[in-house]
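Here are the chains, one letter per residue:
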Amino acid sequence: MLEGKKVLFSGMQATGTLTLGNYLGALKNWVSLNEQYFCFFSVVDLHSITIRQDPETLRENARNLFALYVAAGLNPEQNCIYYQSHVSGHAQLSWILNCFTYMGELNRMTQFKDKSKKNSENINAGLFTYPILMAADILLYQSDVVPIGLDQTQHLELARDIAIRFNGIYGDTFTVPEAYLGKIGTKIMSLQEPSKKMSKSDTQTNATILLTDDSDTIVRKLKRAVTDLEGKVAYRKEQPGIKNLIDIYCAATDILPEQAEKTFANKGYGDFKMAVAEAIISVLEPIQKRQQSLLKEKEYLDQMIRKNAQKANEHAQKTLVEVEKKIGFPAK
Ligand code: TRP
């Protein structure tokens, strides 16, 4: 509990351009929770270096993501929005939790297996212990809830196991966090192969709407989106392309699939696609504008970054001091 509110933690990696899927599936949910909880939203740059990064690009991407958080509506006055690398407690707690996690547990992580296949030339120890750093992120702030995508549920389970194990040895220390999986239907699929998740690394450029896409690009990609020969805007698994477009439309406009089906009952795919494009543009354009203007106000943004890092550090220290005392480190 902080200021009478439950604590929420989440983070995103600053690697490259985010997609519409990242916004509708994650960021938009965060914004809707950001009043109700005391929130820590981190740009998790320590996680990013598990894969080799170009330093300048990493710095730039991280700053863009920070500005995007604020532009999307996360509140830097009320909540803590910060770079993970600005709070040394993440790395410190991570080391401690390393000593409370078994190799066998890490060996079971499916994301490690996937990532090692993709980065076979650089399977570093950080990639292996990545889930421990994630546990440290969450436990450092005594988080109650953690909004995550389905691909992160195994990591969250591990964070819970570590917390329970530590509490069992030293007495109540960490809040055991719960996953917040968000609304169904926010999993956004590729516009070209609707059986696959929309991904920034997709080689087909028309498959993915990037958060940086301008309106012409969005219209073009929507025009080329895969549909079917049914000719009816219906929400059913037999029409995966149209179903995905309905999901996007509904997530962007906050309506239910049944309502969308009604609205487009007598419309062709061409009209429907244009309506989806417009819905996306009206969501993304204002965010892009705010993000650009924030990035231009260098001093203001720097000050926001400093203030938020300081707040996050204060909260992190409370947990860290208690943990260090419990394990037997000398007082400072
Ligand atoms: N691993 C998460 C992802 O790639 C990002 C992340 C890092 C995170 N630390 C976290 C998410 C803590 C939730 C809580 O999506």
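Residues numbered from 1 in each chain as written. Predicted model: local features only at pLDDT ≥ 70, side-chain atom pairs only at ≥ 80, totals over all residues. Heavy atoms only, no water.

Section: the site of the ligand
Around the ligand lies a shell of 13 residues, among which Phe 9, Tyr 130, Met 134, Asp 137 and Gln 152 are the nearest. Tyr 130 places a side-chain nitrogen or oxygen 2.7 Å from a nitrogen atom of the ligand. Side-chain polar atom of Gln 152 to a nitrogen atom of the ligand: 3.1 Å apart, as the coordinates give it. Compared with its free state, where it exposes 370 Å², the ligand has 88% of that area covered by protein. For the shell around the ligand, the secondary-structure elements that each account for two or more residues are strand 1 (7-12) and helix 7 (125-140). No other element matches the 4 residues that helix 7 contributes to the shell around the ligand. Its residues assigned to classes, the shell around the ligand comprises 7 nonpolar, 5 polar and 1 charged. (Near = heavy atom within 4 Å. Polar contact = N/O pair within 3.5 Å; in protein donor to acceptor, adjacent residues only side chain to side chain. Areas by Shrake-Rupley, 256 points an atom, 1.4 Å probe, with all protein chains shown as cover. Helix = DSSP H or I, 4+ residues; strand = E, 2+ residues; numbered from the N terminus. Nonpolar A, V, L, I, M, F, W, Y, C, P; charged D, E, K, R; others polar.)

Examining empty space enclosed by the protein
With the rule as written, the count across this model stands at 2 cavities of 30 Å³ or more. Gln 111, Phe 112, Lys 115, Leu 127, Tyr 130, Pro 131 and His 155 are the residues that line the largest cavity. At the level of elements, helix 6 (110-118) and helix 7 are the ones that each hand at least two residues to the lining of the largest cavity. Space inside the second largest cavity adds up to approximately 40 Å³. Along its surface, the second largest cavity is lined by Tyr 23, Leu 68, Leu 211, Leu 284, Ile 287 and Gln 288. Within the lining of the second largest cavity, the residues separate by chemical class into 5 nonpolar, 1 polar and no charged. (1 Å grid on protein atoms, 1.4 Å probe; cavity = no way out; pocket = protein on both sides within 12 Å on 5 of 7 lines; lining within 4 Å. Points joined across faces, edges and corners; volume = space filled by probe spheres on them.)

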